[in-house]
Amino acid sequence: MVKRSWRRWLPAAVVPAVIAAAVLASGIQASAVGQLPAKTPQELIAMVSQSSVRQFSGTLEQSSHLGLPELPAAAPAAAAGALEFLTGSHSARIYVDGPQRLRVQVMDQLAERDLVRNGNQVWGYNSKDNSAMDWTSPAPPTKSAPAEPAPAEGPTPGAGPTAGVGTTPKELAENFLRAVTPSTNVSVGEQVRVAGRDAYQLVLEPRSTQTLIGSVSIDVDAATGMPLAVNVRARGQQEAAASIAFSKLDLSAPPSSMFTFAPPAGATVQHGSSPQQHVPHVDSGLNGNLPFSISGMGWESVLQLPAQAASTGPNSTQLDPAQSNPAQSHSGQLNPGQLNSGALNSGALNSPLLAQATTSVAGGRLLSTALLNVYLTDDGRIFAGSVPLDRLQDAAAAK
């Protein structure tokens, strides 16, 4: 059984965490552009949903300024790895050729991490310690297998070339657009240039005052409808609290050689199977084994993970809110493949590290960031949302 975490190989664009999955977004530097034909908000939303770009390569820039506390030098590697992409700036190269071929290279200081998918073969590599992980996914269905039902009209959560293995501006944009309800004011902002391409700016502003999010802006490529950047700002702030955007983009097919990988000489290689159990999926399959619930609507929704699910032993898992639709209130179950490893078990809830990263509040402890609050109750439940603490405490008291 593979015991070493897959997290060490995954790049900035593919490491979801409770906070990152809920808020990771924002456009890098966008410059002014010449006059484009006028578009309504509805037309821009339609452009995003109908975008069909399936081959591209480029450079993604991610930046987060969430106000997270610094971890001590002796923090466990898993915790440090989970939080490193929630602070500062990171750069990754991405190559996509259809739904089955992808490569992401994260450029760390003096090191590089790679995630390579070619059909049912997935490799992860970390140059820092010359280590590699090989996952083999199930073979595709045979021709005699019954056909899958046709997908419904409109964007499917996680659909597209990088579904199940990454987070791009397109996936983040679609996640926010699914939350558009009457509780959201939608408008068209200024026209900009991103990665050398003309783009429209779609702006989402919560009407509610009971949310930490002030606005979300999505830079939409004028030619293809592909989101090039997504921006999230905290209420009352002008600068983006977190960001992901293309700084370079090429819409031609990447060379086939980009999707082949062989471990370098002397590399330590581990072999696994069924990568969908290790690599987080961004999809709509909320049909696994861990119960959860979401209360409230739109920007004020609160996610709850009950105590028995939050502390199921040393291998318990942590919920990835990117899998939920914040525009709905519902209950269901989560597939472990859609959860982050990095247990919040009973020992972790009482750890010195957690005590340092959180503050004591009535009824539990609070992990507070610019865009998301996570409330850990004394009885082991977890409540998270882009809402003030009192909203989380009210949700906890109502259960």
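Residues numbered from 1 in each chain as written. Predicted model: local features only at pLDDT ≥ 70, side-chain atom pairs only at ≥ 80, totals over all residues. Heavy atoms only, no water.

Here we look at the packing of aromatic side chains
(1) Moving on: For the coordinates displayed, the defined rule picks out five aromatic pairs.
(2) Moving on: For the pair phenylalanine 56 and phenylalanine 246, a centre-to-centre distance of 5.9 Å together with 90° between the ring planes defines the contact as edge-to-face. Here the residue phenylalanine 56 occupies a position in strand β2 (residues 55–65), and phenylalanine 246 occupies one in strand β13 (residues 242–250), the gap between them amounting to 190 residues. Taken individually, phenylalanine 56 and phenylalanine 246 each receive the classification buried, so the pair is uniform in this respect.
(3) Moving on: Seen from their ring centres, phenylalanine 176 and tryptophan 299 are 6.4 Å apart, and the 25° between their planes marks the pair as stacked. Of this pair, phenylalanine 176 sits in helix α4 (residues 169–177) while tryptophan 299 sits in the loop between β15 (290–295) and β16 (302–305), and the two are 123 residues apart along the sequence.
(4) Moving on: Given the relative accessible area of 8%, phenylalanine 176 is considered buried. (Phe/Tyr/Trp six-rings, centres within 6.5 Å; stacked < 30°, edge-to-face > 60°. Helix = DSSP H or I, 4+ residues; strand = E, 2+ residues; numbered from the N terminus. Buried < 20%, exposed > 50% of the residue type's maximum accessible area, 1.4 Å probe, protein only.)

Re the environment of threonine 211
(1) Moving on: Position of threonine 211 relative to the elements: it lies in the loop between β10 (197–206) and β11 (213–221).
(2) Moving on: Exposure remark for threonine 211: the relative accessible area of 2% places this residue in the buried category.
(3) Moving on: C-alpha separation for the pair threonine 211 and tryptophan 299, spaced 88 residues apart in sequence, amounts to 6.1 Å.
(4) Moving on: If we skip the residues at most four places from it in the chain, threonine 211 touches Pro206, Arg235, Trp299, Ser386, Val387 and Pro388. (Contact = heavy atoms within 4.5 Å.)

Some thoughts on the pairing of strand β21 (residues 364–368)
Working note: regular strand, side chains alternate between the two faces of the sheet.
(1) Moving on: Both strand β20 (residues 359–361) and β21 contribute to a ladder of three bridges, which runs antiparallel. Its bridge partner being in β21, valine 361 is matched across the sheet by glycine 364.
(2) Moving on: The hairpin formed by β20 and β21 contains two residues between the paired strands, and glycine 363 there has a positive phi angle of roughly 85°.
(3) Moving on: Judged from the five bridges that link them, β21 and strand β22 (residues 373–377) form a sheet pairing that is antiparallel. Paired with serine 368 across the bridge in β22 is asparagine 373.
(4) Moving on: Between β21 and β22, which follow one another and run antiparallel, lie four residues. (Pairing = 2+ DSSP bridges.)

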